[in-house]
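The lines below spell out each chain.
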Amino acid sequence: MTEWLGLPPLATAHGGQIDSLIGWIHIFMLILFVGWGGFILYTIVRFRKSRNPVADYKGATSHRSTYLEIAVAVVEAVLLIGFAIPLWAARVEGLPSEDEALVVQVTGEQFAWNIHYAGADRVFGRTDIKLLDLQSNPLGLDRSDPAAKDDITTVNQLFLPVNRPIIVKLRSKEVIHSFGVPEFRVKQDAIPGLTIPIWFIPTITTAEMRTRTGNPEFQYEIACAQLCGLGHARMRGFVTVQSAEEFQKWMEDTSKEQGESAADPFR
């Protein structure tokens, strides 16, 4: 279905349901377009001036239009109640257990995505607004906190393991941003003052997608879908989906590197 809809290649477990819903909506809209277009052409011909030189003040006496409107409302209700609401409920209420998922905090700011991993202890370290530094510590992570010693932070680079539930906890520092990855079929606003979770399961690694698309430079891109300021166009992040082994090695190497840098800032 992604081909005839012109959608980006699919790379998450739940995306097929979304593509199916989008497909049915397009089919229904096509039927409505053809139906209403045909009706307009019919009225133009049927009630042309040469055939009806004098206005008929009785108007339409048939109830066909009423039946058609009821049918349209029924189909819309089926799409909403039968497809859209259950799919939405599964995404917002059916979050997997954090014990089996990878939990990542993503904080939007003008104009970057700040990524925070909890490290091997799976506990996020303390942050303090007094420690904020846009260049060296954009999240204000307190490395003196024992829970923060193995934490990992990145800017605009989100690394994920394939075939594992991912919970992204979205935040924003100042204005509304929107976290969207088209291939993952996810898009969610990041709103100041709120922590909003979204979840998905990546099914195709970046390397595999490069082979499938024939594009050796392919990257999953985090696009901000809200106009968040003059630098909105440059607010781009990237997702690298790796095998479980590759991701674990990246976590261990990066945690060690950042831990050593925090211990020796002049290193």
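For the structure given in this document, a descriptive report is provided here.

## Side note on the side chain of His177
Relative to the helices and strands, His177 resides in strand β6 (residues 177-181). Overall, the relative accessible area of 0% leaves His177 in the buried class. A distance of 2.9 Å separates the side chain of His177 from the side chain of Glu174, its partner in a polar contact. In contact with His177, not counting residues within four places along its chain, are Gly108, Glu109, Gln110, Trp113, Ser172, Gln188, Asp189, Ala190, Cys224, Gln226, Cys228 and Met235.

## Remarks on the sheet that holds β6
Read across the sheet, five strands follow the order β4-β10-β9-β6-β7 without closing on themselves; strand pairing throughout is mixed. Of all strands in the sheet, those with a lone pairing partner are β4 (157-161) and β7 (186-190), marking the two edges. Here the strands of the sheet are splayed against their neighbours by 25° on average, with no regard to which way each runs. One ladder, built from five bridges, connects β6 with β7; its direction is antiparallel. Bridged to His177 within β7 is Ala190.

## As for the sheet that holds strand β5 (residues 166-172)
With respect to topology, five strands assemble into an open sheet ordered β3-β2-β1-β5-β8, the strand pairing being mixed. Of all the strands in the sheet, just β3 (152-155) and β8 (196-200) have a single pairing partner and so form its edges. Across this sheet, the average inter-strand angle for adjacent strands is 25°, counted without regard to direction. One ladder, built from six bridges, connects strand β1 (residues 102-109) with strand β2 (residues 112-117); its direction is antiparallel. Across the sheet, residue Glu109 finds its bridge partner in β2, namely Ala112.

Conventions adopted
Residues numbered from 1 in each chain as written. Predicted model: local features only at pLDDT ≥ 70, side-chain atom pairs only at ≥ 80, totals over all residues. Heavy atoms only, no water. Helix = DSSP H or I, 4+ residues; strand = E, 2+ residues; numbered from the N terminus. Buried < 20%, exposed > 50% of the residue type's maximum accessible area, 1.4 Å probe, protein only. Polar contact = N/O pair within 3.5 Å; in protein donor to acceptor, adjacent residues only side chain to side chain. Contact = heavy atoms within 4.5 Å. Pairing = 2+ DSSP bridges. Axes fitted to C-alpha atoms, helices over the stretch in contact; angles between N-to-C directions.

Just geometry here; none of it tells us what the structure is for.
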